[in-house]
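A structural walkthrough
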Amino acid sequence: MAQDKRERIMENLAVAAVLGLLALIVGAFSLAADSNSVAAERSAFARDGSVVALAGRADDPSFDRVFRMRSASGLSFGAVMTLRSSRGSALVGASFSSDGELLELRLLGSCASRLPERPQDMIGEFPGAGEALARAAEKVRAISKASPEAGS
Amino acid sequence: MSEGKDGFVPNPVLAGLVGICPLIAVSRSLAEATVYGLGAALCSIVLGAVAPPLRSVIADRLQAPAMLALSSALALVYGFLTRIYSPTIAAGLWIYSPLLAVSGLSLSTLRRSSLPGRIGPDGQSRLGAVAFEAVMFLFSAAFIGAAREIVGLGTLTLPVPGPDLPRLYVADFAPLRILVSTSGGFILLGFVIAAYRTLARVSGRKLP
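Here we summarise the structure given alongside this text. (Residues numbered from 1 in each chain as written. Chains lettered and ligands numbered in written order. Predicted model: local features only at pLDDT ≥ 70, side-chain atom pairs only at ≥ 80, totals over all residues.)

**Some remarks on the overall build of chain B**
When its secondary structure is counted, chain B shows 8 helices and 2 strands. Counting from the amino terminus, chain B carries its helices and strands in the arrangement α-α-α-α-α-α-α-β-β-α. Buried positions account for 43% of the 208 residues belonging to chain B. When contacts within chain B are restricted to residue pairs at least 6 apart in sequence, those whose partners lie at least 24 apart make up 71%. (Helix = DSSP H or I, 4+ residues; strand = E, 2+ residues; numbered from the N terminus. Buried ≥ 20, exposed ≤ 12 C-beta atoms within 10 Å, placed from the backbone. Contact = placed C-beta atoms within 7 Å.)

Dropping the structure here:
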């Protein structure tokens, strides 16, 4: 009886160790995907000689990160946002001023949706896009307020 | 162990339908459907290769959770690789990407691959049968995705790396937008199954 119990415990421990190993592998891939996403999003905003740096992370269904962009025209912020509808999804690069005003909306890629010609019209195409942009603007304002170089 | 009592899929019909549901949710375009179908196919093949040796190592009572955990881990890793390959396609797959674990487990031949012996009663390699069915799942997924996108939107989005996916315009307008919605996907799936059964009957196969 005691031998049987010990064998069961050993079995459970072995399976727990294998599951732990699987979790480590998944975690390693998660880190690799995250660093790749940061690099890809940074390069999406690095235009016209602007210097782009990661300003903060967000726990939002539509965007994961906010970038600070410094160019000849001044300081601005950007976030790569995912917009979804039942007909498809799109990745857009949204640029904001320090006080959260939307400066530009640029289509980076889309799946299965005939999108309007002008990126600004996409907000009407995807339900909830306006709210997502408002949350991003709020996040930009918070980062801008917390950062000492926000006003420069 | 009899086939009816083995592991991780309790009911093949229910499992098959559950496996198809996430495919219908994501197969709005050729790009999304192909990437999802490839993930399910790879997941099935890995599980088919791992199931027999796992059976001899792990106790019966732990086989079902072990296979589910392995399938989930494969689905998550594939989801991360999809994000690296194309963030646009990954955004399209969204919360359905982890459901690859279900689609990967739902293939009926995979259940048989967990039985003892590398060769089945029909004389075929069990892993070979899983691989064949996995490839057929991939082709079916790509077909459903392409058909829904062409007939629904008049476009064809190609599954290439990077965020900006090239799109072929087959028509200047969206012929039947309902096909791109999930309900339209199930309508198309019904027609595909009806066509398959008709062809199978015509060719003399016995169907349940």
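**Description of unusual backbone geometry**
Look at Trp94(B): it is not a glycine, yet its phi comes out positive at around 50°. With respect to the secondary-structure elements, Trp94(B) resides in the loop between helix 4 (87-93) and helix 5 (100-105).

**Re the environment of Gly145(B)**
All names here are of chain B. Tracing the backbone shows Gly145 in helix 7 (residues 126-153). Residue classification places Gly145 among the buried residues on the basis of 28 C-beta atoms within 10 Å. For the pair formed by Gly145 and Ala33, sequence separation is 112 residues and the distance between their alpha carbons is 5.1 Å. If we skip the residues at most four places from it in the chain, Gly145 touches Ser27, Ser29, Leu30, Glu32, Ala33 and Thr34.

**Looking at the sheet that holds strand 5 (residues 102-111) of chain A**
What holds strands together in a sheet is hydrogen bonding between their backbones, with the strands either parallel or antiparallel. All names here are of chain A. Strand order in this open sheet of 5 strands is 1-2-3-4-5, and the pairing throughout is antiparallel. Pairing within the sheet leaves two strands with one partner each, and these edge strands are strand 1 (51-57) and strand 5. Each strand axis lies, on average, 25° off the axis of its neighbour in the sheet, ignoring direction. Of the strand pairs in this sheet, strand 3 (residues 74-85) and strand 4 (residues 88-96) are connected by 9 bridges, and their pairing is antiparallel. By the bridge assignment for strand 4, Val80 is matched with Gly93. (Pairing = 2+ DSSP bridges. Axes fitted to C-alpha atoms, helices over the stretch in contact; angles between N-to-C directions.)

**Regarding the interface of chain A and chain B**
Taken together, the contact between chain A and chain B spans 26 residues of the former and 34 residues of the latter. When residues of the side of chain A that touches chain B are traced back to their parent elements, those giving at least two are helix 1 (2-45), strand 3, strand 4 and strand 5 of chain A. For the side of chain A that touches chain B, the per-class residue count stands at 13 nonpolar, 9 polar and 4 charged. (Nonpolar A, V, L, I, M, F, W, Y, C, P; charged D, E, K, R; others polar.)

**Concerning the environment of Ser76(A)**
Residues and elements named next belong to chain A. Secondary-structure assignment places Ser76 in strand 3. Residues Ser76 and Leu13, spaced 63 residues apart in sequence, show a C-alpha to C-alpha distance of 52 Å. Setting aside residues up to four positions removed in sequence, Ser76 forms contacts with Met69, Ser95, Phe96, Ser97 and Leu103.

Keep in mind these values describe shape, not function.
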